[in-house]
Amino acid sequence: MAGGISSRLPGRAGGEIIGTRAQGGWHWTEWICEFLGTALLLIGGLSAICWNFAPGSPIASEIPDHSVRLLITGLLFAGTGSLVAISPLGRRSGAHLNPSVTLAFWRRGHMHPHDLAGYLVSQFSGAIAGAAVVRWLWATKARAVDLGVTQPGHGIGDGAALGIEALMTLLLVAGILVMVSSPRTARWTPLVVWVLIAVLVWQGAPWTGTSLNPARSLAPAVLAPHMANLWIYLVGPPVGSLLAVAAFDAVPGLETRTAKLFHDPRYPSTMATSLPVAPRS
């Protein structure tokens, strides 16, 4: 295979697929891309919350229906991530932008522990940087919505909120894993993720705020600051991610082919893949 190091990647039921193996080392380019991509996700997503729900926002008077504004927020939040995925940043790093997604690809054997650590640090630090930009840009409007902090809805207990977050993240990660299991569907992963997250925000936000992403919840909670119930969003999404991997593993014949949400063969990859990749310089 052009570029990368050829090796046999373990498959289930004794099978093997040919591809490039996960590589260790200091992958600063990928990690910086993931940092910038996650920062952009938070800037776009939290700005959408300020625009739709801050007191005095013009959109509230134009579209008084709360449910419709939740859908618009979901489309803008998820759309930001999907645009990052198809940008040069996402084509290089894979645009996980979410520790839950990275955890799933690591469990699937696509990522070296070095990249697991590098991506997680990049995502959390990128999220904090993005939230800081939103706090500066939106000022009083950002403070009015607590910088988009995720909290359980009225009457939702901690256990229920954790379970809902785990279930929604399971659906998201399972959708990603299924999409990247075939070269024919892999290129459409950003589109599916856009629609799926938008629907989850639309329907799930009244229950939990729809985090799906520990970095997305940690950053505004630290900067607001508003740390109550943060543990729900640090535990629930990773649990859902691991359950999604377990469910995927139980289906015969399914094998993930890439750990990038938009796999472009013109870009190198430090992660295991059975799809063509460009050589690393």
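Basis of the calculations
- Residues numbered from 1 in each chain as written.
- Predicted model: local features only at pLDDT ≥ 70, side-chain atom pairs only at ≥ 80, totals over all residues.
- Heavy atoms only, no water.
- Helix = DSSP H or I, 4+ residues; strand = E, 2+ residues; numbered from the N terminus.
- Phe/Tyr/Trp six-rings, centres within 6.5 Å; stacked < 30°, edge-to-face > 60°.
- Buried < 20%, exposed > 50% of the residue type's maximum accessible area, 1.4 Å probe, protein only.
- Lys NZ or Arg CZ within 6 Å of the ring centre and 35° of its normal.
- Core = buried A, V, L, I, M, F, W, Y, C linked by side-chain atoms within 4.5 Å.
- Salt bridge = Lys/Arg side-chain N within 4 Å of Asp/Glu carboxyl O.

Caption draft 1: Fine view of unusual backbone geometry. Put simply, A224 and P225 share a cis peptide bond, and its omega is -20°. Tracing the backbone through its elements, the reader meets P225 in the loop between helix 11 (214–223) and helix 12 (230–249). The phi angle at L212 is positive, at roughly 65°, despite the residue not being glycine. One non-glycine residue, N229, lies in positive phi territory at about 70°. You can see N229 is positioned in the loop between helix 11 and helix 12.

Caption draft 2: A look at the packing of aromatic side chains. Using the criterion set out here, one finds three aromatic pairs in the structure. The interplanar angle of 15° and the centroid separation of 5.5 Å between the aromatic rings of W26 and W28 together place this pair among those described as stacked. You can call W26 exposed: its relative accessible area is 68%. Residues W26 and W31 carry aromatic rings whose centres are separated by 6.1 Å and whose planes lie at 65° to one another, so their mutual orientation is edge-to-face. With a relative accessible area of 8%, W31 lands in the buried category. Through successive ring pairs, a cluster of aromatic residues spans W26, W28 and W31. Here the guanidinium or amino end of R187 rests over the ring plane of W188, the centre of that ring lying 6.0 Å away.

Caption draft 3: Structural context of the environment of H114. Among the structural elements, H114 can be located in helix 6 (residues 113–138). With a relative accessible area of 41%, H114 lands in the partly exposed category. In the structure, H114 is positioned 131 residues away from V245 in sequence and 20 Å away in space, judged by C-alpha atoms.

Caption draft 4: Representation of the nonpolar core within the structure. Counting 46 residues, the largest nonpolar core has L46, F105, L172, I176, I197 and L261 as its most contacted members. Secondary-structure elements contributing two or more residues to this core are helix 1 (28–53), helix 3 (66–86), helix 5 (99–107), helix 6, helix 8 (158–179), helix 10 (189–208), helix 11 and helix 12. If one sorts the elements of this core by residue count, helix 1 sits on top with six residues.

Caption draft 5: Layout of the pattern of salt bridges. Tallied over the full model, the rule gives five salt bridges. The salt bridge partner of D249 is R108, with a shortest N-O separation of 2.6 Å. Here the residue D249 occupies a position in helix 12, and R108 occupies one in the loop between helix 5 and helix 6, the gap between them amounting to 141 residues. Judged by its relative accessible area of 16%, R108 falls in the buried class. Residue D264 is joined to R266 by a salt bridge in which the shortest nitrogen-to-oxygen separation is 2.8 Å. One connected set of salt bridges, linked through shared partners, spans R91, D264 and R266.

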